[in-house]
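# Reading the structure
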Amino acid sequence: MRLLVLPGDGIGPEITAATVAVLEAASQRFGLGLELTHDIVGHASLKQYGATVRPELLTMARERDGVVLGPAATFDFKDEAKGEINPSMYLRKNLDLFANIRPARTYPGLPTRFPPFDLVVVRENTEGFYADRNMAQGNGEILVTEDVSIAMRRITRQCCARIARAAFELAERRGKHVTIVHKANVLKIGDGMFIEECRKVAAEHPGVTVDDIIVDAMMAHVVRAPDRFDVVVTTNMFGDILSDLTAEMSGSLGLGGSVNAGTDYAMAQAAHGSAPDIAGRDIANPFSLILSGALLLDWHGRRRHLPAFEQAARAIETAVEQAFGAGEVTADVGGKLGTRKTGEALAARLLAG
Ligand code: NAI
Ligand code: MG
C-alpha cells in the first residue's frame, strides 16, 4: 500500500509523526509493505511554493492508494488567488471523496458522562452547505453588497443516494440500524430529497432498521442516549457539527478518527482542526489521526480483499483500547504522556502483539 503523508499545520506535524510510527509498526507486524511518501501542505507549503496545496499533490495522490492528511489552519486561508486554498477541500473535491466516515465510541478505561456507546456518523462530503466544494467552478458563497452575503447549498439525488448506500452497507456490517438526520421541516426540498433517497436505499436493505430525526432534536437525543444509535447518515454541515460533538462525548475531540472515502481513493484525516492553542507543546492527542489511519487500512483491505489490512486496523483499535487501561495516553484523556511517547507506546504495543 502506497500512501502520501501530508502533516499540515498546528498540531498536524506532531500527530502525523505519531501516526506514521504506528502505521510503520502495523506494517511490520502484519507484513503490509506500506510505502510512505512525505510532502507538505498548509503554511509550510505556502511559504515554500506560494500555495497551501499544489496540483502535483493531486497527481501523487492519484498514483497512490491513499492519503494521510493532518489538519490545516484553514481559517487563516482567505484568498485562493494568493494560493490560500483549503487542502482538505481541494483533495476531497478533486478525489471525489464523498463519504466522510466518523466513528465515535466510549472506551472501558476512559470514564465519560455518558453511557457506553459505539456509533458512526456518515457525512456527505462533496456538496451541501460547503460552498467551497459544491460548485464545478467558483464558490457558492457570494458577497452581493458589502452588507449582503448569500451561500448556496447544493443537494443532488446522486450524492444523496451514494452516501445512503455507504451508510447502509456499513450498517449491514455493524448494528443494522440507520438514523437519517435532516432538517426537512425547513429545508423541505433538499432534505426532502435526502430522506427520499435514503428511504430508497433502505428498501434494498430490509434487515436494517431505519428511523429519522430532525437535526436540532438530534443534539438532545444523542446527548441523552447515545447508545440508541448505530449508523447516523446526514448531509455535509450537519455531519461536520454532529461528529465533533460525538467525538468529544467519547472522551475528547482528540479521539475523533475520520476517513474520507470515494470509489477509488481514500484519505485519513482527523475530525478536528489544527488546534493552534496547544500546537508545538507535545500534548495533542494523536489517537484521532491514528484511528483515521486504521480506518484507511480497513478501507484498503476490504476494497482489495486483503485481510491483513483489516487485521492491522483491528489491532490498532485494540491497542488504543488497551492504551487507556495502561494509562499510556495524553492529558486530554487523563494520561501523562506527550504526543510522541503516546505514539511510541502504541507502536511498541502493536509490535508486541
Ligand atoms: P480545533 O478542532 O482545532 O480545536 C478545537 C478544540 O479541541 C481546541 O481546544 C483544541 O485544543 C482541541 N483539540 C483539537 N484536536 C485535539 C487533539 N488532537 N488533542 C487534544 N485536543 C484537541 O478547532 P479550532 O480551534 O476551531 O480550529 C483551528 C484551526 O483548524 C482553524 O484554522 C480551522 O479552520 C482549522 N480546521 C481545520 C480542519 C481540517 O484541516 N480538516 C478541520 C477543522 C478546523
Ligand atoms: Mg469539522
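Residues numbered from 1 in each chain as written. Chains lettered and ligands numbered in written order. Predicted model: local features only at pLDDT ≥ 70, side-chain atom pairs only at ≥ 80, totals over all residues. Heavy atoms only, no water.

### Topic: the sheet that holds strand β11 (residues 259–261)
Inclusion rule: Paired strands are those between which DSSP finds at least two bridges. Each helix is a run of H or I in the DSSP string that is no shorter than four residues. Each strand is a run of E no shorter than two, and both are numbered from the N terminus. Angles here are taken between N-to-C directions and fall from 0 to 180 degrees, while the axes themselves are lines fitted to C-alpha atoms, restricted in helices to the stretch in contact.
If you trace the 10 strands from one edge of the open sheet to the other, you get β2-β1-β3-β12-β11-β4-β5-β10-β8-β9, paired in mixed fashion. The two strands at the open ends of the sheet, each matched to only one other strand, are β2 (35–38) and β9 (209–214). For this sheet, the mean inter-axis angle between neighbouring strands, taken without regard to orientation, is 25°. Pairing of strand β8 (residues 177–182) with β9 involves 6 bridges; the strand directions are parallel. Each bridged residue has a counterpart across the sheet, and for Ile180 the counterpart in β9 is Asp212.

### A few points about the site of ligand 1
Applied cut-off: We define proximity as follows: a residue is near a molecule or strand when any one of its heavy atoms falls within 4 Å of that partner. Under the rule applied, a polar contact is a pair of N or O atoms within 3.5 Å (in protein, one hydrogen donor and one hydrogen acceptor; residues adjacent in sequence only if both atoms are side-chain atoms). For the accessible areas, the method is Shrake-Rupley and the probe is 1.4 Å, while residue cover comes only from the protein chains on display.
As a structural note, the neighbourhood of ligand 1 is formed by 19 residues, with Thr74, Gly273, Ala275, Asp277 and Asn285 the closest of them. For ligand 1, a nitrogen atom lies 3.2 Å from a polar atom in the side chain of Gln269. In the complex, 70% of the free accessible area of ligand 1, which totals 810 Å², lies under the protein chains.

### Some thoughts on the domain arrangement of the chain
Inclusion rule: Note that the domain bounds reflect an automated or database-derived domain assignment. The contact definition used throughout considers only heavy atoms, calling two residues in contact when any of these lie within 4.5 Å. Using a 1.4 Å probe, buried area is obtained as the accessible area two parts lose upon being combined, added over both of them. For this analysis, a salt bridge means a side-chain nitrogen from Lys or Arg found within 4 Å of a carboxyl oxygen belonging to Asp or Glu.
The assigned domain composition of the chain is domain 1 (1–105 + 261–353) and domain 2 (113–249). Using only C-alpha atoms to locate each centre, domain 1 and domain 2 end up separated by 23 Å. Listed as interface residues are 16 residues of domain 1 and, on the opposing side, 23 residues of domain 2. Roughly 1,800 Å² is buried in total at the junction of domain 1 and domain 2, and carbon and sulfur atoms are behind 49% of that figure. There are 2 salt bridges connecting domain 1 and domain 2.

### A closer look at helix α5 (residues 157–173)
For clarity, the cut-off: Take the residue count of a helix, subtract one, and multiply by 1.5 Å to get its expected span. Only protein chains enter the calculation, and the probe is 1.4 Å; a residue is then buried if its accessible area is under 20% of its type maximum, exposed if over 50%, and partly exposed in between.
Between the first and last C-alpha of α5 there are 25 Å, a value that for 17 residues agrees with the 24 Å anticipated at 1.5 Å per step. Every buried residue of α5 is accounted for by Cys159, Cys160, Ala161, Arg162, Ile163, Ala164, Ala166, Ala167, Phe168, Leu170 and Ala171. Along its buried surface, α5 packs onto β4 (99–105), β5 (118–124), β8, α6 (190–203), β9 and β10 (231–234).

### Here we look at a nonpolar patch on the surface
Where we set the bar: Patch membership needs two things, relative accessible area over 30% and no salt bridge, and members are linked within 9 Å if like-charged or within 5 Å if nonpolar (Val, Leu, Ile, Met, Phe, Trp, Tyr).
Where nonpolar side chains cluster on the molecular surface, the patch consists of Ile142, Val144, Val148, Ile150 and Met152 and spans about 380 Å² of accessible area. When contributions to the nonpolar patch are tallied by element, the ones reaching two or more residues are β6 (141–145) and β7 (148–151). Examined against the element boundaries, Val144 turns out to sit in strand β6. Given a relative accessible area of 47%, Val144 falls into the partly exposed group.

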